[in-house]
Structure formats: structure tokens, C-alpha cells
Amino acid sequence: MVTIVPAFGRLGEENAFAVLARAGQLAAVGRDIVNLGIGQPDMPTPPHIVEAGVKALRDGHHGYTPAVGILPLREAVARDVHRRHGVEVSPDSVMIVPGGKVTMFMAILMFGEPGAEILYPDPGFPIYRSMIEFTGATPVPVPIREANGFAFSAEETLGLITARTRLLILNSPANPTGGVTPKAEIDALVAGLATHPDVAVLSDEIYGTMTYDGAAHHSLLRYPEIRERLIYLDGASKTYAMTGWRLGWSVWPKPLYDAARKLAVNAHSCVNAATQWAGIAALDGPQDCVAEMVAEFDRRRGLVVEGLNALPDVSCITPKGAFYAFPNVERTGWKAKALASALLEEAGVATIGGPDFGVHGEVYIRLSYANSPENILRALERMGTFLAARP
Ligand code: PLP
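Residues numbered from 1 in each chain as written. Predicted model: local features only at pLDDT ≥ 70, side-chain atom pairs only at ≥ 80, totals over all residues.

By the naming in an unreviewed UniProt entry, the chain goes by Aminotransferase and is assigned to Methylobacterium oxalidis. UniProt annotates the chain under Sequence similarities (unreviewed entry) with the comment "Belongs to the class-I pyridoxal-phosphate-dependent aminotransferase family." Note on the chain: under the UniProt heading Cofactor (unreviewed entry), the record states "pyridoxal 5'-phosphate". (UniProt positions renumbered as here; feature names shortened; annotations may be inferred.)

Put into C-alpha cells, the structure is as follows:
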């Protein structure tokens, strides 16, 4: 019998994919399912981006590219960073990767080993913890609290740093909470990091274009004092509705860049060439498609928050970013995971239980409002009927 190394026993999952599969199974046997589980825009990729990808294939871009990505795309990323964050980065510090997940994979592999501690947001994207455990490092959850608007607390985060901390993972705007950490809190966090020069920072800014109510996204790239230890994670999946194309990018400090390049050479060689040309069209093309999508998410956010707060014993703070609502369901008397499961099986509404995002997600469920207003309203109506019938 073959056996694989024990590290794989520690590798976790992203339950959103299991829920997507279950929703698909139920739909296949004729059930009408509204899927607010998966976190991906329901809009198609904007046509000018699709055309650029098709043209690249027709123009013969069929071969390997440099492992770090083609120079015109790395230059486009540098322009995007400058336009959005007012910061100059060299295209030689930019790495093109097959999705934002790959940047987190690389960064956690670089700092994770037995004895090392890695801080990550809880509730947070489940792959952080999964990857940390895979490396044998100790995952140290940073509590992300509703009372704090689901923003990071600089004080609480800094208080968790020890002599063994190697990496701090930040995510704002955040999955699954929609929280946006304000500039003042980031200022305080960066100031506190001055006394911890051996701690690297991975800033997951994949939802950076999606903020509402005047909340501003404040990139960690804006702090020159931590640039030498900052890994910036971004990508096309959410901003340009390109989840299936697999395109992400990251900015690395010089000493880490070559290690990331070598990982790319070993793991995937390069990102699909046509996808990279489509990425140039996305970043250099008109940005009104992004503004339109964000405005649409904003409208849906209003619907979902109002609808959730009208449900019996459910309360939901207004998320300031991304496209998730994270209602507190403690007063319903349901355990969050059981509620998410019953909503799918009995009411035909797919959501994700908060515990799938960490121990501090215990009394919440996550709804993605990247779905049509009609579907959101249908889901809310079904949830209302379900909760009223099963108090
Ligand atoms: N980071 C966060 C916080 C996410 O929610 C996701 C996707 O859901 C990702 C990164 C990775 O996205 P992708 O690999 O599609 O770029």
C-alpha cells in the first residue's frame, strides 16, 4: 500500500467548493437552488478582455512565457499599482501567478516550518490556515471582531507577535466578513511592526477595488518602512470577473523574488500565455467595467443587509467591502454550520457556515451577494420562511 507524507493530513479545504458541488447535485435532481455560497462575480468577464485573450490565441501565443510572467503584463501591473496606490514598483518585483492563491501558497511556504508562528485573520480565508498547517508551522489566529466592524485591531494583532512569529497575513477588504481596516489602524499596525523587524507581511488585497460608503482601501504598499518585507497579493479574479482564467499578481521584496520565481519554475512554469495578454487588456483598458460592477454590488449589498436584518433573530452589520455579508445568527438558536446545511438541503439556499472560516466565525454564516437581485430576494424570502417555521 502506498502512503503519502503526513503533511497532507493537515491540508484543509475551502468548503465553498464542497457547497458548490452539493448545490450542483441538488440542482441536477431538479431542486431549485439559489447559490449565495461561492465567492465569484456572476457577471461575465468584460468583452474587451475576452477579445484580447482570443486574439492572443489567434496571434500564436501558445508557448511558455517567462516564469515570472511577460514583461508587458508586469509593466501593466506596475502602472495599476501606481494608479491605485500612488506607489512606484519595478516590473522586476512583480510576479504573475495562476491566481491569488498561488501567492499565498508561495509566501507561506517561504516562512512556514515547525517552530515558526504565522498570524492570520480569523474568521478569514480558509486557505491561510490550511497552508500554514501544511508547512508544520503554528497557526496563530488574529481575532477579527464584529464589535470592531470586522477590521483588524492593531493592538490585538501586535500583541500576538512573539519571537517565533515569521509572517503576518492581513486581508482588507476581507473575506468572509466584508470588513475594511481603516487607515489609522493600518498606520498603527505598521508603526508597531517597527519593533518586530523579522516579521514579514503578506497583504491580501484581492478585493481592493471593492469598497462602499466612502470606506477607502489603504494598501500596505504605501508604507516604505515595510516594503523590504512586504508581499502584496492581488489578481484579476474578483476585480475583472475572471475567476476561471486563473490570473493573479504579486509584488515581492527583492530578497524573496528569486525564491518565488524558483517556486514558479518548479510548480507551474508560467501562467497560460493568452490569459496574460487578457490581463494586459484588463489593467490597461477602460476601468468603467470595474466601477459598474462595484456599483452593482453596492446596490445588492443594500438589499442583502436590509433583508437579513428583517429576518427573525438575525443581525448583520453593513459590510464596507468585498461582496460578502456575514450575519450573526446566534439568537436563532441554530449552530451556524447546521443552519447553513439546513438552508441548503431544506430551503434551497446555499451559504457557508462561519466556522469554515475559523473559530471566531462560530455564530455567523457567509452570504455572497455576487448574485442577481432577484436571486438575493428569493433567497431572503426562503430564509425568512425557513426560520419562521423552524424557530
Ligand atoms: N484571497 C481571498 C481573501 C479570497 O477570497 C480569494 C478567493 O476567494 C483569493 C485570495 C484567491 O483568489 P484567486 O486565486 O481566484 O485569485
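Asks: Explain the overall build of the chain here, please?
Replies: Along the backbone of the chain there are 13 helices and twelve strands. The C-alpha atoms of the chain give 21 Å as radius of gyration, which agrees with the globular expectation for 391 residues (21 Å, within 12%). Once the C-alpha set of the chain is aligned to its principal axes, its extents read approximately 60 × 60 × 55 Å. Taking all 391 residues of the chain together, the buried fraction comes to 48%. The contacts of the chain with a sequence gap of at least 6 include a subset with a gap of at least 24, amounting to 74%. (Helix = DSSP H or I, 4+ residues; strand = E, 2+ residues; numbered from the N terminus. Rg over C-alpha atoms; globule rule 2.2 N^0.38 Å. Buried ≥ 20, exposed ≤ 12 C-beta atoms within 10 Å, placed from the backbone. Contact = placed C-beta atoms within 7 Å.)

Asks: Just to check I follow, could you spell out the domain arrangement of the chain for this structure?
Replies: Often the size quoted for an interface is simply the accessible area lost on bringing the parts together. Looking at the assigned domains, one finds that the chain contains domain 1 (7-44 + 288-389) and domain 2 (63-284). Each of domain 1 and domain 2 has a C-alpha centre, and these two points are 25 Å apart. Counting from both sides, the interface comprises 35 residues of domain 1 and, opposite them, 36 residues of domain 2. Secondary structure elements with two or more residues in the side of domain 1 that touches domain 2: helix 1 (7-10), helix 11 (288-309) and strand 9 (324-325). It is helix 11 that contributes the most residues to the side of domain 1 that touches domain 2, six residues altogether. Grouping the constituent residues of the side of domain 1 that touches domain 2 by class yields 18 nonpolar, ten polar and seven charged. (Domains from an automatic or database assignment. Nonpolar A, V, L, I, M, F, W, Y, C, P; charged D, E, K, R; others polar.)

Asks: Help me out: how do you make sense of the nonpolar core in this one?
Replies: One broad trend across soluble globular proteins is that nonpolar side chains are buried collectively. In this structure, Met95, Ile118, Leu167, Ile169, Val201, Ile231 and Val349 are the most contacted members of the largest nonpolar core, which totals 118 residues. Each of domain 1 (7-44 + 288-389) and domain 2 (63-284) gives at least three residues to this core. Apart from residues lying up to four places away in sequence, Val201 is in contact with Leu168, Leu170, Leu220, Ile226, Arg229 and Leu230. (Core = buried A, V, L, I, M, F, W, Y, C linked by C-beta atoms within 7 Å.)

Asks: What exactly am I supposed to notice about the sheet that holds strand 9 here?
Replies: One key point about sheets: their strands pair by backbone hydrogen bonds, in either a parallel or an antiparallel sense. Reading across from one edge, 9-12-11 is the order of the three strands in this open sheet, with antiparallel pairing throughout. Here the strands that pair on one side only, and so sit at the sheet edges, are strand 9 and strand 11 (352-353). (Pairing = 2+ DSSP bridges.)

Asks: It is not clear to me how the site of the ligand should be interpreted in this structure. Could you clarify?
Replies: For the ligand, the set of nearby residues contains 13 residues, the closest of which are Gly99, Gly100, Lys101, Asn175 and Ser237. Partitioning the shell around the ligand into residue classes produces two nonpolar, nine polar and two charged. (Near = placed C-beta within 6 Å.)

Asks: What am I meant to see in the environment of Arg331 here?
Replies: Inspection of the secondary structure puts Arg331 in the loop between strand 9 and helix 12 (336-347). Classification of Arg331 as exposed rests on a count of 11 C-beta atoms within 10 Å. Once the C-alpha coordinates of Arg331 and Ala215 are considered, the two residues, 116 residues apart in sequence, prove to be 29 Å apart.

Asks: For this particular structure, what's the right way to read the sheet that holds strand 5 (residues 165-171)?
Replies: Spatially, the seven strands line up as an open sheet ordered 2-8-7-6-5-3-4, and their pairing is mixed. A single partner strand is all that each edge strand has here, and the edge strands are strand 2 (94-97) and strand 4 (138-143). The average undirected angle you get between the axes of adjacent strands in this sheet is 20°. Two strands pair when backbone bridges link them, and strand 6 (residues 200-204) and strand 7 (residues 230-235) are joined in this way by four bridges, in the parallel orientation. By the bridge assignment, Leu202 is partnered in strand 7 with Ile231. Those strands touched by helix 4 (residues 71-85) are strand 2 and strand 8 (248-251), and its axis lies near 115° from that of strand 2. Those strands touched by helix 6 (residues 126-135) are strand 3 (117-122), strand 4 and strand 5, and its axis lies near 160° from that of strand 3. (Axes fitted to C-alpha atoms, helices over the stretch in contact; angles between N-to-C directions.)

Asks: Before we go on, may I ask you to explain unusual backbone geometry in this structure?
Replies: For residues other than glycine, phi is negative in most cases, and the peptide bonds are mostly trans. With an omega dihedral of 0°, the bond running from Asp122 to Pro123 counts as a cis peptide bond. Along the chain, Pro123 falls in the loop between strand 3 and helix 6. Each neighbour pair has its own omega, and for Ser172 with Pro173 the value is -10°, a cis peptide bond. Inspection of the secondary structure puts Pro173 in the loop between strand 5 and helix 8 (183-193). Of note, Asp213 is a non-glycine position whose phi angle comes to about 55°, a positive value. Not every positive phi belongs to a glycine, and Ala322 is a case in point at roughly 60°. Mapped onto the elements, Ala322 comes out in the loop between helix 11 and strand 9.

Asks: Is there a simple way to explain the packing of helix 3 (residues 47-58) against helix 10 (residues 273-284) in this structure?
Replies: Close contact between helix 3 and helix 10 brings their axes to 8 Å; oriented N to C, the two are set at 145°. Crossing of helix 3 against helix 10: the hand is right-handed. Where helix 3 abuts helix 10, its residues His48, Ile49, Ala52, Gly53, Ala56 and Leu57 lie against Ala273, Ala274, Thr275, Trp277, Ala278, Ile280, Ala281 and Ala282. Here the residues of the contact of helix 3 with helix 10 are counted per class, giving eleven nonpolar, three polar and no charged. (Left-handed = near helix turned anticlockwise from the far one by under 90°.)

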